[in-house]
Structures are given as C-alpha cells and as structure tokens.
Amino acid sequence: VHDLTAAAAELARRQRDAWNLEVREVALFEAADAQALVDLTRAELDEGEARERLNVLLGLSGAETEWTAARDLPPLPAADPDPDRLERRAIEQRLDLGAARFGVDVVGRALALKRGTRYFPVGIEVGFNQEKDTDGTRLRGPQLAIALPIFDTGAASIARLEAEQRRAQRQLEQLAIEIRSEVRLARDRLIGSRALVETHEGTLLPKRREVLEQTLLHYNMMLLGVYDLLLARREETEAGQAATAARRDYWIARVRLERAVGGELADLAAPVVAPPGDGLPASTPEHTHPSTGGNR
C-alpha cells in the first residue's frame, strides 16, 4: 500500500510541476502517502514485538532467533468440529476439571474415614514409667496411656469436612458451567471466523480483483486515469490483507477452541456433506494480478 501511495504522490508532484494539478490535490496524495508510511512503520514495530514475544515463549536465543515464518497460512479444514460433541469432550478431558473432581474425592474419603473412626481412641502413648512404693521399693515397667473420645466425639471435625465437601462440590459444578460457556463462546467464534473467511475469499477479494481488471481495461481505453487505476490496485491489496487477517483469526479461534476443549479437534470434525452432482467442487482458475502499466 505504501508503494502505491508513494507512486501516486510522485505522479501528483510531477503533474503539479507541469501545472496540470492543483497544490491541494497534491497535498492530499502526499498526506495519504505519509499515512501509509505511518501504518507501515507501526506494522514493522508490531512485527518485531510479536517476534520477540514468541522467542521468549519458545525459549530461543542467539542464532535460534533468526527463524522465518511460513509465507502463507494453511487453508481452512474441510469441516469444523461437531458442536454437539465439544462440550462433552471438554467435560471428559479438561485437566482443571479433573483436578477439581479429585479434590471432591479426597474430601469425601477424608469424611468417610472420620465418620468410621470417630469413636476410636484419639491418642495412644507408649513409654517407660518408674514409681516408688511407701516402703521404698522402686517399681519399673512399661506404660500405656489411651485417650478415649468421651467428651469429643468428632462432631466438629465431621461438620467441617462436610462443609468442605459441599464447597468443593459447588466449585466443581461452577467450573463445569464456566467450561461449557467457554467452549460455546470459542465454538461460536470459530464458526463466525469461518464465515468471514468465506466472505472475504469467496466474494470480496474476487470482486476487488474484477474491479481492478475492469479499471485496467478502462485505463487502456483512456476512459479512466492513472489515479483510478492506483486506487483500484490499492483497494484490491487491502482486500487481500483483510482476507489474510480473517484466515489468521480463524486459526487463532481454532487454537482457542482446542484449549477450551482440552485437546485436539481432529477426531471431532463434523461429516462433510458432498454437493449435488459429481461431488467435486467447481474448480476456480488461478487469478493473475494484472499489471498496473498500460498505454494511454
């Protein structure tokens, strides 16, 4: 985009020098070029910050930080996960929910043990004792002391464990509700992201390319000027950027759904419904970008 705005600004300055363009119009093109330069600089700064954050997350240093990313994002999978199976899978395999279940089980075992041993001796002491009789004889021997729960039958401890069990159970139920909600939100975000990708790549971007082709034809027939051609090329470029961002957002949404479910989604894919006819999608010929050059 900056290359396009720079070309438009340079052309505007040359036309101004030839007294074919007003100063105000030149300033508009130069302002657009400056704004594109600002956007480019910010994008480069964001790229550098994102790269360093990823280096830290991956634990990279030295020459390892000179990695390069793939140029293109992978295409969307044929089908998204079956929404009806996501919540059930999350409840089955989320580790935090498993830890909460284990906490409830531990408290339940402690409560059962306390109830079963509440009347057992609460303390046993074994030792050696020595006593002196009235006639001066010393008696020595082992000693055993047993504390019986006559006044403390463990009711307070049982009540505390029962309250702890109820609290753990309520926390488990709340966590399950939050996990289900998280999965539904992530699922809706994934579905919406796919719809955006299909709109961008299936409708908006092809239309922008068609506009660019038609603008080039009109330019070659001297029905439109070079600024119209540059504008159409810029809008087509921006549509491509938006399509790339939409595909990026889809993969981010898919990763977040995997995190919400607690595992990969490969085995949860919904069945693909084949279109009528031979079952094969219509092939779309590869579109080549027209040159911005041409004869006037």
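Being a predicted model, the structure only gives us computed values, none of them experimental.

Some remarks on a nonpolar patch on the surface
Among the surface-exposed residues, Leu217, Met221, Leu223 and Leu224 lie close enough to one another that they form a single nonpolar patch of about 380 Å² accessible area. As for its position among the elements, Leu224 is in the loop between helix H5 (155-220) and helix H6 (226-261). Relative accessible area serves as the criterion here: at 32%, Leu224 is assigned to the partly exposed category.

Some details on the pattern of salt bridges
For the coordinates displayed, the defined rule picks out 23 salt bridges. With its nearest N and O atoms 3.3 Å apart, the salt bridge here joins Arg187 to Asp188. Classification of Arg187 as buried rests on a relative accessible area of 17%. Taking the relative accessible area as the measure of exposure, Asp188 reaches 43% and is therefore partly exposed. The network of salt bridges with common partners includes Glu10, Arg13, Arg14 and Glu30.

With respect to the packing of helix H1 (residues 2-17) against helix H2 (residues 23-58)
Think of two packed helices as two axes; the pair is described by the angle between the axes and how far apart they sit. Between H1 and H2, the shortest axis-to-axis distance is 8 Å and the interhelical angle comes to 155 degrees. Between H1 and H2, the angle is such that the two are roughly antiparallel. With respect to the hand of their crossing, H1 and H2 are arranged in left-handed fashion. Counted together, His2, Thr5, Ala6, Ala8, Ala9, Ala12, Arg13 and Arg16 of H1 and Val26, Phe29, Glu30, Ala32, Asp33, Ala36, Leu37 and Leu40 of H2 form the full contact between these two elements. Of the residues contributing to the contact of H1 with H2, the split by class is 10 nonpolar, 2 polar and 4 charged.

Here we look at the nonpolar core
Formed by 21 residues in total, the largest nonpolar core has its most connected members in Leu86, Leu97, Ile179, Val183, Leu257 and Val261. Looking at this core, the elements with two or more residues in it are helix H3 (83-93), helix H4 (95-116), H5 and H6. It is H5 that provides the largest number of residues to this core, a total of 9 residues. Counting residues in hydrophobic clusters, the runner-up holds 9 residues, among them Ala8, Tyr219, Leu230 and Ala232.

So, the confidence of the model for the protein chain
Averaged over every residue, the pLDDT of the protein chain is 84; residues scoring 70 or more account for 84%. No element of the protein chain has a lower mean pLDDT than strand E1 (residues 123-132), which averages 71, and none a higher one than H2, which averages 94. In this model residues 272-296 is a low-confidence stretch, pLDDT under 50, and it forms 23 contacts with partners more than four residues away in sequence or in other chains.

Observations regarding the packing of aromatic side chains
Applying the stated criterion across every chain yields a total of 2 aromatic pairs. An angle of 20 degrees between the planes, with centres 4.5 Å apart, marks the rings of Phe29 and Tyr227 as stacked. Here the residue Phe29 occupies a position in helix H2, and Tyr227 occupies one in helix H6, the gap between them amounting to 198 residues. On the basis of relative accessibility, which here comes to 24%, the residue Phe29 falls in the partly exposed class.

Focus: the environment of Gln241
Looking at the element boundaries, Gln241 is found in helix H6. Given the relative accessible area of 46%, Gln241 is considered partly exposed.

What to know about the packing of H3 against H6
Two elements in contact, H3 and H6, have axes separated by 8 Å at closest approach and are oriented at 50 degrees. Classified by the angle their axes make, H3 and H6 are oblique. Judged by residue contacts, Leu86, Arg89, Ala90 and Gln93 of H3 engage Leu257, Ala260 and Val261 from H6. A class-by-class count of the residues in the contact of H3 with H6 yields 5 nonpolar, 1 polar and 1 charged.

Here we look at the environment of Arg247
Examined against the element boundaries, Arg247 turns out to sit in helix H6. For the pair Arg247 and Leu73, spaced 174 residues apart in the sequence, the C-alpha separation amounts to 7.3 Å. Setting aside anything within four residues of it in sequence, one finds Arg247 in contact with Leu73, Pro74, Pro75, Leu76, Val197 and Glu201.

A word on H1
A rise of 1.5 Å per residue sets the reference length of H1, with its 16 residues, at 22 Å; its end C-alpha atoms lie 22 Å apart and thus fit the reference within 8%. Those residues of H1 that sit buried are Leu4, Thr5, Ala8, Ala9, Ala12 and Gln15. One side of H1 holds all its buried residues, which, seen down the axis, span an arc of 130 degrees. Residues Asp3, Arg14 and Asp17 are exposed on H1 and point more than 90 degrees away from its buried face. Buried positions along H1 lie against H2 and H6. Following H1 by one or two positions, Trp19 has its phi on the positive side, about 60 degrees.

Analysis parameters
- The written sequence of each chain sets the order in which its residues are numbered from 1.
- pLDDT decides what is reported in this predicted model: residues at 70 or higher carry local features, side-chain atom pairs at 80 or more are listed and counted, and totals for whole chains, interfaces and linings draw on all residues regardless.
- The side-chain figures draw on all heavy atoms in the structure; neither hydrogens nor water molecules are used.
- Patch construction takes residues with relative accessible area above 30% that form no salt bridge. Like charges are linked within 9 Å, and nonpolar side chains (Val, Leu, Ile, Met, Phe, Trp, Tyr) are linked within 5 Å.
- Working definition of accessibility: Shrake-Rupley area with a 1.4 Å probe, residue cover restricted to the visible protein chains.
- Think of a salt bridge as a Lys or Arg side-chain nitrogen and an Asp or Glu carboxyl oxygen that are within 4 Å of each other.
- Note on conventions: DSSP H or I runs of at least 4 residues are helices, E runs of at least 2 residues are strands, and numbering of each starts at the N terminus.
- Only protein chains enter the accessibility calculation, which uses a 1.4 Å probe; a residue is then buried when its area is under 20% of its type maximum, exposed when over 50%, and partly exposed in between.
- To obtain an axis, a line is fitted to C-alpha atoms, over the contacting stretch when the element is a helix, and the angle between two such axes runs from 0 to 180 degrees between their N-to-C directions.
- Reported orientations rely on four angle classes, namely roughly parallel under 35 degrees, roughly antiparallel over 145, roughly perpendicular from 65 to 115, and oblique for the rest.
- By definition, turning the near helix anticlockwise from the far helix through less than a right angle yields a left-handed crossing, and turning it clockwise yields a right-handed one.
- Working rule for contacts: check all heavy atoms of both residues, and any pair within 4.5 Å makes them a contact.
- The residue classification treats Ala, Val, Leu, Ile, Met, Phe, Trp, Tyr, Cys and Pro as nonpolar and Asp, Glu, Lys and Arg as charged. All others, Gly included, are polar.
- The nonpolar core is taken to be a set of buried Ala, Val, Leu, Ile, Met, Phe, Trp, Tyr and Cys residues, with the residues joined through side-chain atoms within 4.5 Å.
- As a per-residue measure, pLDDT tells how confident the predictor is, with possible values from 0 to 100.
- Any two of the Phe, Tyr and Trp rings considered here, Trp counted by its six-membered ring, make a pair once their centres fall within 6.5 Å; the pair's planes then place it as stacked at under 30 degrees, edge-to-face at over 60, or tilted in between.
- A helix is expected to span 1.5 Å multiplied by its residue count minus one.
- Taking the helix axis as origin, the arc is that swept by the directions to the C-beta atoms.

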